[in-house]
Amino acid sequence: MVPEPLAQLTSFYKTPNGSAIYAAERSMLKRFLPQFFGYFLLQIEGPSDLQWLSSSPIRNHLYYTEAQQSLQSPVSCCGSMRALPFDSESIDVLVLPHTL
C-alpha cells in the first residue's frame, strides 16, 4: 500500500501545475546531475516512474521507499525513514524530489 502523502504527490505530478513543476525540477536536475560522479545515486521517495535521473552519468540508481508494497516501480529497497539502511559514505548522490 502506497502511503497517502506519496500517493498525493504522485497524483499532483499528473495535474497541469504538477507537470509544470516537474518540468522545472527535471530541468534543474538535468543541469546539475551531470556534474556529480560516483557509483551510487539514491532517490528517496517521490514518483519513481518519472525520468528524474536520466541526465546523471552515475549508472547505479537506487529507489528507496517507506511503503512495504509500493505501486511505484522499480523499488530497490524499502524501510524506515528514521533509520536508513546505508553505510556512511556509500551513497554518492542523494535526490529528494519531495523537497525540491
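The structure displayed is predicted, hence computed values, not measured ones. (Residues numbered from 1 in each chain as written. Predicted model: local features only at pLDDT ≥ 70, side-chain atom pairs only at ≥ 80, totals over all residues. Heavy atoms only, no water.)

### Observations regarding a nonpolar patch on the surface
So, point 1. On the surface, a cluster of nonpolar side chains totalling about 270 Å² of accessible area is made up of Met28, Phe32 and Phe36.
So, point 2. Checked against the element boundaries, Met28 lands in helix α2 (residues 16-32). (Patch = residues over 30% accessible without salt bridge, like charges linked within 9 Å, V, L, I, M, F, W, Y side chains within 5 Å. Areas by Shrake-Rupley, 256 points an atom, 1.4 Å probe, with all protein chains shown as cover. Salt bridge = Lys/Arg side-chain N within 4 Å of Asp/Glu carboxyl O. Helix = DSSP H or I, 4+ residues; strand = E, 2+ residues; numbered from the N terminus.)

### Points about the pairing of strand β1 (residues 40-44)
So, point 1. Of all the five residues making up β1, four are buried; the element is thus mostly covered by neighbouring parts of the structure.
So, point 2. Relative to strand β2 (residues 60-65), β1 is paired through five bridges, and the arrangement is parallel. Residue pairing in the sheet places Leu42 in a bridge with Leu62 of β2.
So, point 3. As paired strands, β1 and strand β4 (residues 93-95) are joined by three bridges and run parallel to one another. The partner of Gln43 across the bridge, within β4, is Val95. (Buried < 20%, exposed > 50% of the residue type's maximum accessible area, 1.4 Å probe, protein only. Pairing = 2+ DSSP bridges.)

### Focus: the sheet that holds β4
So, point 1. Pairing in this open sheet of four strands is parallel, and the strands run β3-β2-β1-β4 from one edge to the other. One side of each edge strand has no neighbouring strand; the edge strands of this open sheet are β3 (77-78) and β4.

### A few points about the nonpolar core
So, point 1. The biggest cluster of nonpolar side chains holds 11 residues, and these are Leu9, Tyr13, Tyr22, Leu29, Leu33, Leu41, Trp52, Leu53, Ile58, Val93 and Val95.
So, point 2. Listing elements by their share of this core, those giving two or more residues are α2 and β4. (Core = buried A, V, L, I, M, F, W, Y, C linked by side-chain atoms within 4.5 Å.)

### Concerning unusual backbone geometry
So, point 1. Of note in the backbone geometry, Glu89 takes a positive phi value of approximately 60 degrees without being a glycine.
So, point 2. Position of Glu89 relative to the elements: it lies in the loop between β3 and β4.

### Examining the side chain of Glu45
So, point 1. Topologically, Glu45 is positioned in the loop between β1 and β2.
So, point 2. We note that Glu45 is buried and unpaired, the nearest opposite charge coming from Arg82 at a distance of 11 Å.
So, point 3. A polar atom in the side chain of Glu45 sits 2.8 Å from the backbone nitrogen of Glu66.
So, point 4. When near neighbours in sequence (up to four residues on either side) are disregarded, Glu45 contacts Leu6, Tyr63, Tyr64, Thr65, Glu66, Ala67, Met81, Pro97 and His98. (Lys, Arg positive; Asp, Glu negative; His and termini not counted. Polar contact = N/O pair within 3.5 Å; in protein donor to acceptor, adjacent residues only side chain to side chain. Contact = heavy atoms within 4.5 Å.)

Shape descriptors only; they carry no functional weight alone.
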